Amino acid sequence: MPTAIDPPKNRVWWKDPVDKVEITWIVLALIWCLIMFFMMPYWHVYGKQNLSNEAYRSTPELFSRKTQEMVDKYTVRTETDQKIPVVHPPAGSDVYLIARLWQWWPLVELEAGKSYRLHLMSMDWLHGFSLQPENINIQVHPGYEHVLTVTPTKEGTYSIVCNEYCGINHHTMTSKLYVVK
Amino acid sequence: MAINRMFRTCPSTGLQFHQPAEALIRWNAVAAVVSLLVGGILGLLVVLTRWPALHLLPADAFYQALTAHGLNMLVFWIIFFEMAVLYFAASTLLRCRLATPHMAWLGFWLMVAGALLNNYAVWRGDSSVMFTSYAPMGAHPTFYLGLILFAVGALIGCFVFLGTLAVAKAEKTYVGSVPLVTFGALTACIIAIFTIASGAIILIPTFLWSVGLVGYIDSLMYRTVWWAFGHSSQQINVSAHVAVWYAIAAIVFGARPMNEKVSRGAFLLYILFLQLASAHHLLADPGLTSNWKIFNTSYAFYLAVLASMVHGFTVPGAIELAQREKGYTKGLFEWLRKAPWGNPVFSGMFISLVGFGFLGGISGVVLGTEQLNLLMHNTFYVPGHFHATVVVGTTLAFMALTYFLIPVLFRRELAFPKLAQWQPYVFGIGMSVFSLFMMGAGTLGVPRRHWDMTMAGNLLPHEWPGTAYLMVGLMALAGILAIVGGAIYILVTVWSVFFGKRIETPDFKRVSARDGAAPAPQPVAVSLTGHGSAGHMAAPGTFVLAMVLLVSFVLYYFVNWRYLSSVWPLS
């Protein structure tokens, strides 16, 4: 009898009947595949966690300028020896976060339950925005300004870790995000 | 120039080897095992560094080792072995001569040169850009050039494979359609050609950029095209190792496909839809719409996932049928209990099948779901997933096949048979547990490609929960176990090939293809026969196993949605 390493016995093998057990499995698997497919559009309508489609081409100069304007307006204090500004922008406003070798700039303070338009962009290589312990992970590109509407739910101190390899000091690229009342 | 028509018949299996094809299969397999050895040593260094308790290498050496580990394993080991599989599936299974052996050798040496050049670039220290080599981070020109040479060599191998199919057809060395395993290899070959074309589209401009002839590489364009190469190159492996599963089921059990149409149809779905999966890597990127992401990452309605679910059913199903025909009919699982668990060819293949399905398949679909990806993108979950698919799935399947090929191809007895018997268990279980803890750490957010998870000395460090440290520690221990399993494989194969006891073949003869190497044409049955047996289920045990898979899949999938619904609203 021919096995899988021999040519099929019947020349017209595509007319061989398919066993019931195979058909049953294929139908079950197909139904499951369709359910998985419809989950994604479904979540866009009824779910609350979706990545935004809003993104613009930008340049490091333009993005730095907008970030600097925000920092000038809303800085409430500075932290660490490097005097990194901490900004506390009003609810609903645009918040800019720069990713660059090997730093997130500036530090951001948000209010729980309020929504913000978070703008992410890299100044140089690819970086990864990883918000811990919430575990939200987003790719950050140079030249692409990604705009997300985020609503922090719980107050606390969160960390931002870079999770896209960006060179030798990749592991030092960490920052904080504060959520206050 | 005369065409080489020298054939050898293997006395134990009846397989026929064409001399140049045999030499190419051997050399490709040897190059593969050498790459595996290099990649394995580097893998050990990577594991010992990621383990916070040891933290062996300094940062620069770690990223260097990680880059070389990825390239030697994912590219060189696997593709060299796949070339051997292609030549075997074409020339040996169709009992025909290999087309253009000289071109095949050119392809082989280009691949060797490319692999050496690429390793040299990483060894220099200025090309620690990872397997993905994301622009605008740049590597030394020899890094890209090595990959391009390797790809050109592999492309030549693909065309030699296609040429051999044409030769077999023209010289009528088989009757009817090509065997299912050859069909699976053809699927791998077609995906490989698409993959290499995508690689050329992105690597050639990046090479020109690295030498200063191109001014700018857009990061999003790079990632989009690169993954058409990067992910598809792993889809070649899926097709190839599924073909190997079918081959081993046939070799060990004499199992015949449950239904040719179903199995071939599933391979066809791979060709049509598998490449869309490259969009999985772009789910967290800006500048691509949700519509684009949903359509592509679902492989157009998950039709390629369906294909894998079909193969995952029909391979054990074929084994069950063959076993039941031999009389192992008691209960649901006597066929499985009485399987040759001490034969590494079978145990390796079966662990590969289960690991690929349960760990690799389920995690891959969850990782590739548009919104769920937010929870795992670039965390340890990603290497956890692909160590389950590529290492437990592909590498272990190839290891299992090697134990069959050593006596057949190298005419040597397997050295250390006891060790060989244990090897698939040590490697398969070690690697499965390793993947599982990696995914666990990823679920807690631990990033991949990260030198120091303790974040010591950082200005604003992050404290990981104790569970994350526990997971990474257990991951490292399981990783070391898997590396021991890999070392046993290398010991057994190298020792067998060089010092194993020779198998003498008294009836060894080389014959000309025209003088009877072609098999006697089989009588062609006109009547329709198959397993179709009205009334009872042909493979009830397999059906139960498949339902266990489906239920685990459904539960795990919705657990992740539940987890997602608890994170910050985002739009």
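This one's a predicted model, so the numbers in the text were calculated from it and none came from an experiment.

A.B. asks: So, helix 1 (residues 20-46) of chain A: which residues are in play, and what are the values?
C.D. replies: In an α-helix there are 3.6 residues to a turn, and that puts residues three or four apart on one side. Residue and element names in this part refer to chain A. The first and last C-alpha atoms of helix 1 sit 38 Å apart over 27 residues, in line with the 39 Å expected at 1.5 Å per residue. Here helix 1 has its buried residues at Val21, Glu22, Trp25, Ala29, Trp32, Cys33, Met36, Phe37, Met39, Met40 and Trp43. Measuring from the backbone nitrogen of valine 21 back to the side-chain oxygen at the start of helix 1 gives 2.9 Å, which picks out aspartate 19 as the cap.

A.B. asks: If you had to explain the sheet that holds strand 8 (residues 127-132) of chain A to someone new, which residues and values would you point to?
C.D. replies: All names here are of chain A. Spatial ordering of the open sheet is given by 2-3-6-12-11-8-9, a layout of seven strands whose pairing is mixed. The sheet terminates laterally at strand 2 (75-79) and strand 9 (136-140), the two strands that pair on one side only. The mean angle between the axes of side-by-side strands here comes to 25°, regardless of whether they run parallel or antiparallel. By the bridge criterion, four bridges tie strand 6 (residues 107-111) to strand 12 (residues 174-180) in an arrangement that is parallel. If you follow glutamate 109 over to strand 12, its bridge partner there is tyrosine 178.

A.B. asks: Account for the interface of chain B and chain A, with residues named and values stated.
C.D. replies: Counting residues at the interface gives 115 residues for chain B and 92 residues for chain A. Of the roughly 9,400 Å² buried at the junction of chain B and chain A (both faces included), carbon and sulfur atoms supply 67%. Put simply, chain B and chain A have three salt bridges between them. For B:Arg223, the salt bridge is made with A:Glu164, and the minimal N-O distance between the two is 4.0 Å. Put simply, chain B and chain A have 46 residue pairs in polar contact (both at pLDDT 80 or more) between them. Breaking the side of chain B that touches chain A down by element, the ones donating at least two residues are helix 2 (59-92), helix 5 (180-210), helix 6 (219-253), helix 7 (260-273), helix 8 (290-297), helix 9 (299-325), helix 13 (417-443) and helix 15 (540-565) of chain B. In terms of residues, the side of chain B that touches chain A owes the most to one element, helix 15 of chain B, which gives 12 residues.

A.B. asks: Describe the environment of B:His231, and please don't skip the residues or the numbers.
C.D. replies: Residue and element names in this part refer to chain B. With respect to the helices and strands, histidine 231 occurs in helix 6. Sequence separation between histidine 231 and phenylalanine 398 is 167 residues; the distance between their C-alpha atoms is 19 Å. Setting aside anything within four residues of it in sequence, one finds histidine 231 in contact with Ala277, Ser278, His280 and His281. Here the side chain of histidine 231 touches glutamine 235 through a polar contact of 2.9 Å, side chain to side chain.

A.B. asks: Break down the pairing of strand 4 (residues 94-100) of chain A for me, with residues and values.
C.D. replies: Residue and element names in this part refer to chain A. Strand 4 sits mainly inside the fold: five of its seven residues count as buried. Where strand 4 meets strand 7 (residues 116-122), six bridges bridge the pair, whose relative direction is parallel. The residue bridging leucine 97 from the neighbouring strand is leucine 120, located in strand 7. Taken together, the three bridges between strand 4 and strand 5 (residues 103-105) define a ladder with antiparallel strand orientation. When the bridges of strand 5 are listed, arginine 100 appears paired with glutamine 103. Hairpin remark: strand 4 followed by strand 5, antiparallel, with two residues in the connecting loop.

A.B. asks: Kindly report on the packing of aromatic side chains, identifying the contributing residues and their values.
C.D. replies: Counted according to the given criterion, the structure contains 48 aromatic pairs over all chains. Aromatic side chains A:Trp104 and A:Phe129 sit 5.9 Å apart centroid to centroid with 85° between the ring planes, which places their arrangement in the edge-to-face category. Taken as a pair, A:Trp104 in strand 5 and A:Phe129 in strand 8 lie far apart in primary sequence, 25 residues in all. Here A:Trp104 matches A:Phe129 in class, with each residue buried. Look at B:Trp77 and B:Tyr489: their rings are 6.3 Å apart centre to centre, the planes differ by 75°, and that puts the pair in the edge-to-face class. Placement of the pair is B:Trp77 in helix 2 and B:Tyr489 in helix 14 (residues 466-499), with a sequence separation of 412 residues. Since its relative accessible area comes to 0%, B:Tyr489 is described here as buried. Connected via pairs of aromatic rings, a cluster forms that spans B:Trp27, B:Phe76, B:Phe80, B:Trp105, B:Phe108, B:Trp109 and B:Phe150. Geometry around A:Tyr178 places A:Arg77 over its ring, the cationic atom sitting 5.4 Å from the centre. Note that B:Arg264 overlies the ring of B:Phe183, its terminal NZ or CZ placed 5.2 Å from the centroid.

So, how was this worked out
- Residues numbered from 1 in each chain as written.
- Chains lettered and ligands numbered in written order.
- Predicted model: local features only at pLDDT ≥ 70, side-chain atom pairs only at ≥ 80, totals over all residues.
- Heavy atoms only, no water.
- Helix = DSSP H or I, 4+ residues; strand = E, 2+ residues; numbered from the N terminus.
- Expected span 1.5 Å × (residues − 1).
- Buried < 20%, exposed > 50% of the residue type's maximum accessible area, 1.4 Å probe, protein only.
- Polar contact = N/O pair within 3.5 Å; in protein donor to acceptor, adjacent residues only side chain to side chain.
- Pairing = 2+ DSSP bridges.
- Axes fitted to C-alpha atoms, helices over the stretch in contact; angles between N-to-C directions.
- Contact = heavy atoms within 4.5 Å.
- Buried area = accessible area lost by both parts, 1.4 Å probe.
- Salt bridge = Lys/Arg side-chain N within 4 Å of Asp/Glu carboxyl O.
- Phe/Tyr/Trp six-rings, centres within 6.5 Å; stacked < 30°, edge-to-face > 60°.
- Lys NZ or Arg CZ within 6 Å of the ring centre and 35° of its normal.

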